Amino acid sequence: MSIKTEDRIFRLDNKYFSYILYADKQNILRHLYYGNPLNDFEVDDLTYIARDWSNTYYNANEEKEHIYEDNYNSMASHVEVASDGNNDKKGSTICIHQKDGSFYTDFRYESYRIYQGAPKSDVLPYIHSKDCESIEFTLRDILSHAKMLLTFTIHEDSPVITRSTELFNDSDDSIDLNRIMSLTLDLSNTELDLFNFHGDWALERFVERTKVPHGTTVISSRYGRSSHVENPFCILATPNSNENYGECYGFNLLWSGNFRFEVTKGRYQDIRVNYGIEDTNFSYLLKPNESIELPQAIFSYSSNGLNHLSQSFHDFIRNHIVPEGCFGKYRPIIFNSWEGCFMDFTTDSIINYMNSAKEIGAELFVLDDGWFGHRNDDTSSLGDWYVNTKKIDLKKVIDHCHNIGMKFGLWFEPEMINADSDLYKAHPEYVLGHRMSEMCLGRHQFVLDTANDNAVTDVVKQVNSILDTYDIDYVKWDNNREVSDNFSQYLNRDRQESVDYLMTLGTYRMYREIVESHPSIFFEGCASGGGKFDLGVLRYFPQIWCSDETDPVQRLYIQYGTGYGYPLSTISSHVSKCPVTSYQSKSNIAFFGTYGYEFNPTKLTDSEKEELKENASRYHRIHQDVILEGDMYRLSSPFDSNYFCEFSVSKNKDKALLLFANILKEGNYYRFVKLPGLDPDKMYINSYDNKVRSGNYYANVGMNFIRWLNEFDTILVEFEEVKE
Ligand code: DGJ
């Protein structure tokens with residue numbers, strides 16, 4: 001890995017990519033190149049633009065026209081920070097509403113420094129890494145004099161680049177910031193496809209591939225969270241690319257609030273990405289001596305197709321996003337009470353559940369919603385984080401759980417508040433929104449105003465008190481509605497337009513103050529299923545409940561889409577009571593995620609118990625190395641074919657697992673599946689026909705599942721190295 005500079009050219013290189021910038025003679029920070037490692041080049045070649053209409057400027061002091069140096073063209077050149085006010089209309093990185101009323105913003109390069117390590121933050125989630133190198137550029141706006149620190153961080157062993165931005169006001173006047181993107185990337189491709197991962201509740205992250213049209217296409221969330229509707233993870237790929245071939249770029253943001261991924265195809269067929277927090281209804285008043293930090297953008301390039309791109313994100317998330325020490329740690333098999341009994345339980349019924357869950361191999365029991373305040377349905381008690389002692393003896397339940405050898409987990413929803421709660425009665429100002437005749441509810445609840453420091457402090461205190469009083473090993477952190485009524489009763493007028501940004505920061509403060517004071521507790525994120533499946537959440541909670549849809553066939557699509565941007569170790573998936581397939585198929589599908597159970601365990605038949613026990617022993621044999629830590633390959637998409645097929649190989653290539661799921665009946669068709677990723681020179685036995693073949697054979701011939709397959713039949717095949 002190296003970051004080098006010579007003649008104001010800055011090179012970020014490792015074995016996967018070169019990223020090249022240039023501080024030109026006008027001090028414009030130009031973007032020269034991003035792609036496969038590059039040896040030789042000349043600035044003149046990488047900046048050449050034939051059109052000459054916008055290659056001059058007028059100096060009003062001298063009353064003279066000049067030609068820009070270094071082939072700069074104010075309409076077409078590729079830059080790192082695109083400013084508002086000039087000829088560049090492809091979307092700006094930053095826009096300041098200046099004191100003179102104009103939106104003329106123009107950031108010029110001042111200096112750089114290179115250092116070991118990566119930027120950190122007290123308010124935002126950030127990548128953690130010891131072995132990396134960063135280059136920080138200082139730029140300054142010509143009119144407002146705002147100072148921008150723009151930092152790129154690279155690792156030797158990863159194709160992923162992190163870009164961090166902070167804006168300082170070191171002037172005497174406040175600065176009215178209207179837009180600031182975490183990433184601007186001008187690409188040299190003229191034809192690209194956009195992948196977005198859209199959906200709804202129980203339909204999250206469906207894959208959609210479209211050609212990038214002319215004009216501006218926006219993938220965004222204005223729901224106050226990353227949302228079910230769009231996901232911050234997006235891909236751009238050459239039209240001929242597929243899983244194993246072609247150029248592609250992936251983008252994500254360490255952020256859980258409103259976001260905006262903007263891709264513009266301009267008049268010269270070039271493509272610009274602007275990516276950051278949503279700028280609609282956003283502005284931020286930066287007072288003298290204040291600064292604002294923006295979410296880190298992480299992005300990656302692959303010239304070997306989409307599987308390689310996904311694997312680079314998977315590794316990066318496991319190594320540098322999820323809390324340190326989580327990756328590689330054993331994850332117990334979870335049993336969650338929700339789909340079995342919802343809020344209808346007693347101390348005895350939960351103890352019965354625990355006993356039965358233990359029989360099928362569960363190792364951690366989670367008591368979901370309904371244990372606090374006076375909550376028996378979803379109309380009350382959010383905000384009252386104390387035990388409903390009339391309903392449940394929590395200590396007895398936890399002691400029993402530990403006595404029978406299981407860990408214990410508890411559900412919370414700290415970012416919400418019901419009107420029917422003591423907290424609301426004492427603090428109606430904790431609710432987001434104007435207190436007037438019509439305030440939007442979602443699932444009968446208000447959103448807690450997490451921009452209000454007092455509200456955050458109160459709720460953190462309550463949650464921490466439960467975690468400090470009871471012996472709790474795991475927390476499921478839910479969030480069951482979108483943000484609306486964007487008005488904080490706490491913030492002054494000059495901070496209202498930043499309410500989404502400040503609420504997201506308040507939520508991160510909650511995460512930090514609860515998670516960091518309980519390092520031995522394992523946290524799982526959730527938002528009505530997968531409404532907050534993002535890197536901001538993953539920075540604190542290493543796994544996220546992927547969807548409330550637990551029908552395994554629907555789950556195939558949801559898990560498949562989620563896997564493009566997120567490793568299997570983050571995709572929380574359970575075997576449910578849904579009757580569309582056998583327990584065997586349900587558990588095969590849940591196995592390609594974190595794996596757990598969610599049904600009434602006292603109702604299982606003996607044969608169902610046997611099927612589940614078998615998968616529990618497979619879990620211990622193979623899940624950690626192959627699923628949680630391995631390299632995952634998508635082999636067949638349920639969106640484009642009748643099969644879902646994924647293959648995951650342990651890092652040291654001694655074990656692998658294949659899941660083949662059939663959707664409609666297709667008789668005795670040939671179904672060839674080639675299996676990449678094994679060591680070509682090693683021999684492996686497979687559990688399908690018990691034959692021993694080389695990695696080379698599996699990659700080139702593969703397996704042929706020619707046999708009768710009914711709807712939703714699944715085949716799970718283990719591969720294990722045979723040593724001589
Ligand atoms: C939504 C979650 O996704 C479910 O798993 C469950 O925890 C409910 N909320 C509880 O209210």
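Look up: the structure comes first, before these words.
Not measured: the values here are computed from a predicted model.

Describing the pattern of salt bridges
Argument step 1. Counting across every chain of the model gives 43 salt bridges.
Argument step 2. Among the ionic pairs, R179 bridges to D279, the shortest N-O distance being 3.0 Å. Residue R179 is located in strand 12 (residues 175-187), and its partner D279 is located in the loop between strand 19 (271-277) and strand 20 (284-286); the two are separated by 100 residues in the primary sequence.
Argument step 3. Residue classification places R179 among the buried residues on the basis of a relative accessible area of 8%.
Argument step 4. Measuring nitrogen to oxygen at the nearest pair gives 2.8 Å for the salt bridge that ties D315 to R318. Remark: R318 and D315 occur in helix 2 (residues 305-321); sequence separation between them is three residues, near one turn of the helix.
Argument step 5. The exposure class of R318 is buried, given its relative accessible area of 4%.
Argument step 6. The structure contains a network of salt bridges with shared partners spanning R179, R260, E262, E278 and D279.

Examining the nonpolar core
Argument step 1. Core analysis: the biggest nonpolar cluster contains 180 residues, and L236, W371, F408 and Y597 have the highest contact counts within it.
Argument step 2. Per-element accounting of this core gives the leading share, 10 residues, to helix 8 (residues 499-515).
Argument step 3. The residues touching Y597, leaving out its near neighbours within four places in the chain, are I333, I334, F335, N336, I360, G361, A362, H574, V575, L612 and A616.
Argument step 4. Y643, A656, Y698 and M703 belong to the second largest nonpolar core, which has 19 residues in total.

A word on the sheet that holds strand 14 (residues 206-211)
Argument step 1. Within the open sheet, the nine strands sit side by side as 8-9-10-11-21-17-16-13-14. Their pairing is antiparallel. Because the sheet does not close on itself, it has two edges, and the strands there are strand 8 (107-116) and strand 14. Between one strand and the next, the sheet's axes are offset by a mean angle of 20°, whatever the strand orientation.
Argument step 2. Bridge count for strand 13 (residues 193-198) against strand 14 is six bridges, and the pairing is antiparallel. Residue L194 lies in a different strand from strand 14, and its bridge partner there is T210.

Conventions adopted
- Residues numbered from 1 in each chain as written.
- Predicted model: local features only at pLDDT ≥ 70, side-chain atom pairs only at ≥ 80, totals over all residues.
- Heavy atoms only, no water.
- Salt bridge = Lys/Arg side-chain N within 4 Å of Asp/Glu carboxyl O.
- Helix = DSSP H or I, 4+ residues; strand = E, 2+ residues; numbered from the N terminus.
- Buried < 20%, exposed > 50% of the residue type's maximum accessible area, 1.4 Å probe, protein only.
- Core = buried A, V, L, I, M, F, W, Y, C linked by side-chain atoms within 4.5 Å.
- Contact = heavy atoms within 4.5 Å.
- Pairing = 2+ DSSP bridges.
- Axes fitted to C-alpha atoms, helices over the stretch in contact; angles between N-to-C directions.

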